[in-house]
Amino acid sequence: MAAPSELKYKSILTRRETERAIDLIKTRFPVMMAERLNLFKISCPLAIMDGTGINDDLNGIERPVRFPIKNQSDASAVVVQSLAKWKRWQLAELEAKEGEGILTDMRALRPDEDYSPLHSLYVDQWDWEQKISTTERNLDYLKAVVENIYGIFQELEKSINAAFPDLQPFLPDRITFIQAEELLQQYPGLSPKEREYEACKAYGAVFLIGIGDLLSNGEKHDGRAPDYDDWSSYNSEGHKGLNGDILVWNPVLQNSFELSSMGIRVDAPTLERQLKMSGEEKRKNLFFHQKLLNGELPQSIGGGIGQSRTCMFLLRKKHIGEVQSGIWPEDEVKKCLEEGIDLMK
């Protein structure tokens, strides 16, 4: 049996090499995104006014960080949790053309996240949104965009290998598309996370389609808010959903690993339907929802790509705290030290 010290995880890169590699990834990824999807970079808010419906509640239950504003006794602001609805509004404000889109460097706080090697209070994403035509609200267009983005991960993996030869490429040549309902039928006795494990282990990289609506077992694969992704429309393969997640097999964690969540956005009829399905029809009176229902927002596709998640995967790190500074409970810090994980201070 190996000695305890031999079982400890050891980072392939030193701390300084890690910082250089993070800079390489964060410099190149947005440039490649802009080129491949015809996006232009814009600024984004850290906090927005409460009560507009623009901030996202993700799965529908997460609480945003809320704070009062000096000299505005009746007003409060919230720290963004993601920018899905804000981006679509900005497409209209910036008069984007069809096939053109925006890219922004999002920073957020999610106080309801559970601490884990994959989650912290701090979230950094490349958030993007592209204006599309009504005829492009289909599964084929979604798949084409996914393949484009997956190609960026592949190219970056090769760039990292060229700069740091000990980091060997791992991603498969192609990403496999799987419907959430099909995955349930393959593994009916497993939980959603266990099904993702099996799919990623088998294929290396998958795009799991149709997340948010009930599956045939009466359960959701995972939750999605009702007012940005279209998860209830039937697609060309006879299943519900025009959205999904890019998931890969993580060789360090020996588990499935989410890199991106994305989808074609709701149109007005879909918004009405999903709000009703979710018991959230009261949202129709909010600023964002009124603009969408009145036809003042463009059709779009968009998503978020985790920056720290991408760095963690490409640099073969075991804990997200190795690629971002964060606040961690004492027991998490102690556990990491015992496992040989050097958290950023």
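Keep in mind that what you see is a predicted model, and the values were worked out from it rather than measured. (Residues numbered from 1 in each chain as written. Predicted model: local features only at pLDDT ≥ 70, side-chain atom pairs only at ≥ 80, totals over all residues. Heavy atoms only, no water.)

The next point concerns the overall build of the chain. Per the secondary structure count, the chain includes 9 helices and 11 strands. Relative to the 2.2 N^0.38 estimate, which gives 20 Å for 345 residues, the radius of gyration of the chain is 20 Å and therefore close to what a compact globule would have. If one aligns the C-alpha atoms of the chain with their principal axes, the spans along those axes are about 65 × 55 × 40 Å. Looking at the chain as a whole, 51% of its 345 residues qualify as buried. Here the analysis covers contacts within the chain between residues at least 6 apart in sequence; of these, 72% occur between residues at least 24 apart. A total of about 16000 Å² of accessible surface is found on the chain, and carbon and sulfur atoms cover 50% of it. (Helix = DSSP H or I, 4+ residues; strand = E, 2+ residues; numbered from the N terminus. Rg over C-alpha atoms; globule rule 2.2 N^0.38 Å. Buried < 20%, exposed > 50% of the residue type's maximum accessible area, 1.4 Å probe, protein only. Contact = heavy atoms within 4.5 Å. Areas by Shrake-Rupley, 256 points an atom, 1.4 Å probe, with all protein chains shown as cover.)

So, about the packing of aromatic side chains. All told, the structure shown has 6 aromatic pairs when counted by the stated rule. On the basis of an interplanar angle of 75 degrees and a centroid distance of 5.2 Å, the ring pair of Tyr197 and Trp249 is categorised as edge-to-face. Placement of the pair is Tyr197 in helix α5 (residues 192–203) and Trp249 in strand β9 (residues 243–250), with a sequence separation of 52 residues. Classification of Trp249 as buried rests on a relative accessible area of 7%. Ring centres of Phe257 and Phe313 lie 6.1 Å apart, and the angle between their planes is 25 degrees; on these two criteria the pair is classed as stacked. Note that Phe257 is positioned in strand β10 (residues 255–264) and Phe313 in helix α8 (residues 307–314), a separation of 56 residues in sequence. Exposure remark for Phe257: the relative accessible area of 1% places this residue in the buried category. Since its relative accessible area comes to 1%, Phe313 is described here as buried. One aromatic cluster in this structure is built from Phe29, Trp126 and Phe153. One cation-aromatic arrangement involves Arg316 over Phe313; the distance from NZ or CZ to the ring centre is 5.0 Å. (Phe/Tyr/Trp six-rings, centres within 6.5 Å; stacked < 30°, edge-to-face > 60°. Lys NZ or Arg CZ within 6 Å of the ring centre and 35° of its normal.)

By volume, the largest pocket amounts to about 1200 Å³. For the largest pocket, the lining is made up of 47 residues, of which Arg110, Glu113, His119, Glu258 and Arg309 are closest to its centre. Of all the secondary structure elements, the ones that give two or more residues to the lining of the largest pocket are α2 (84–93), β6 (122–131), α5, β9, β10, β11 (300–306) and α8. Top element by residues in the lining of the largest pocket is β10. It accounts for 8 residues. Broken down by class, the residue content of the lining of the largest pocket amounts to 13 nonpolar, 17 polar and 17 charged. (1 Å grid on protein atoms, 1.4 Å probe; cavity = no way out; pocket = protein on both sides within 12 Å on 5 of 7 lines; lining within 4 Å. Points joined across faces, edges and corners; volume = space filled by probe spheres on them. Nonpolar A, V, L, I, M, F, W, Y, C, P; charged D, E, K, R; others polar.)

This brings us to the side chain of Glu322. Turning to its location among the elements, Glu322 is positioned in the loop between α8 and α9 (330–339). Although buried, Glu322 forms no salt bridge, and the nearest oppositely charged side chain, Lys317, lies 4.3 Å from it. Within the structure, the side chain of Glu322 is placed 2.8 Å from the backbone nitrogen of Lys318, a separation counted as a polar contact. If near-sequence neighbours (up to four positions away) are discounted, Glu322 is found in contact with Tyr9, Ser11, Thr18, Lys317, Ile341, Asp342, Leu343 and Met344. (Lys, Arg positive; Asp, Glu negative; His and termini not counted. Salt bridge = Lys/Arg side-chain N within 4 Å of Asp/Glu carboxyl O. Polar contact = N/O pair within 3.5 Å; in protein donor to acceptor, adjacent residues only side chain to side chain.)

For helix α6 (residues 268–277), every residue scored as buried is listed here: Thr270, Leu271, Gln274 and Leu275. Down the axis of α6, the buried set is contained in an arc of 130 degrees. They therefore lie on one face. For α6, exposure combined with an orientation more than 90 degrees from the buried face picks out Pro269 and Lys276. Looking at the packing, one finds that the buried side of α6 touches α7 (287–293). Looking at the residues trailing α6, positive phi occurs at Gly279, about 65 degrees. (Arc of directions from axis to C-beta.)

Quick look at the sheet that holds β10 now. With mixed pairing, 8 strands are arranged side by side in an open sheet as β1-β5-β6-β11-β10-β9-β8-β7. With one partner strand each, in any of the chains shown, β1 (39–41) and β7 (176–179) form the two edges of the open sheet. Put simply, the sheet's adjacent strands are angled 30 degrees from each other on average, direction ignored. With 9 bridges joining them, strand β5 (residues 101–109) and β6 adopt antiparallel strand pairing. The residue bridging Met106 from the neighbouring strand is Gln125, located in β6. Contacting β5, β6 and β11, α2 crosses the sheet at an angle of about 35 degrees to β6. Sheet strands touched by helix α3 (residues 139–163): β6, β7, β8 (205–209), β9, β10 and β11. Its angle to β10, the strand with the most contacts, is close to 135 degrees. (Pairing = 2+ DSSP bridges. Axes fitted to C-alpha atoms, helices over the stretch in contact; angles between N-to-C directions.)

With 96% of its residues at a pLDDT of 70 or more, the chain has an overall mean of 92. Scored below 50 in pLDDT, residues 1–6 makes 1 contact in the model with residues more than four places away or belonging to other chains. (pLDDT = per-residue confidence, 0-100.)

Met33, Trp128, Ile149, Met262 and Ile301 are the most contacted members of the largest nonpolar core, which totals 54 residues. If you list the elements that add at least two residues to this core, you get α1 (15–37), β6, α3, β8, β9, β10, β11 and α8. A per-element tally of this core places α3 first, with 11 residues. Leaving out residues up to four positions away in the same chain, Met33 has contacts with Asn38, Leu39, Leu103, Trp128, Ile149, Ile152 and Ile305. Core analysis: the next-biggest nonpolar cluster, separate from the first, contains 20 residues, Trp86, Trp89, Ala108 and Leu275 among them. (Core = buried A, V, L, I, M, F, W, Y, C linked by side-chain atoms within 4.5 Å.)

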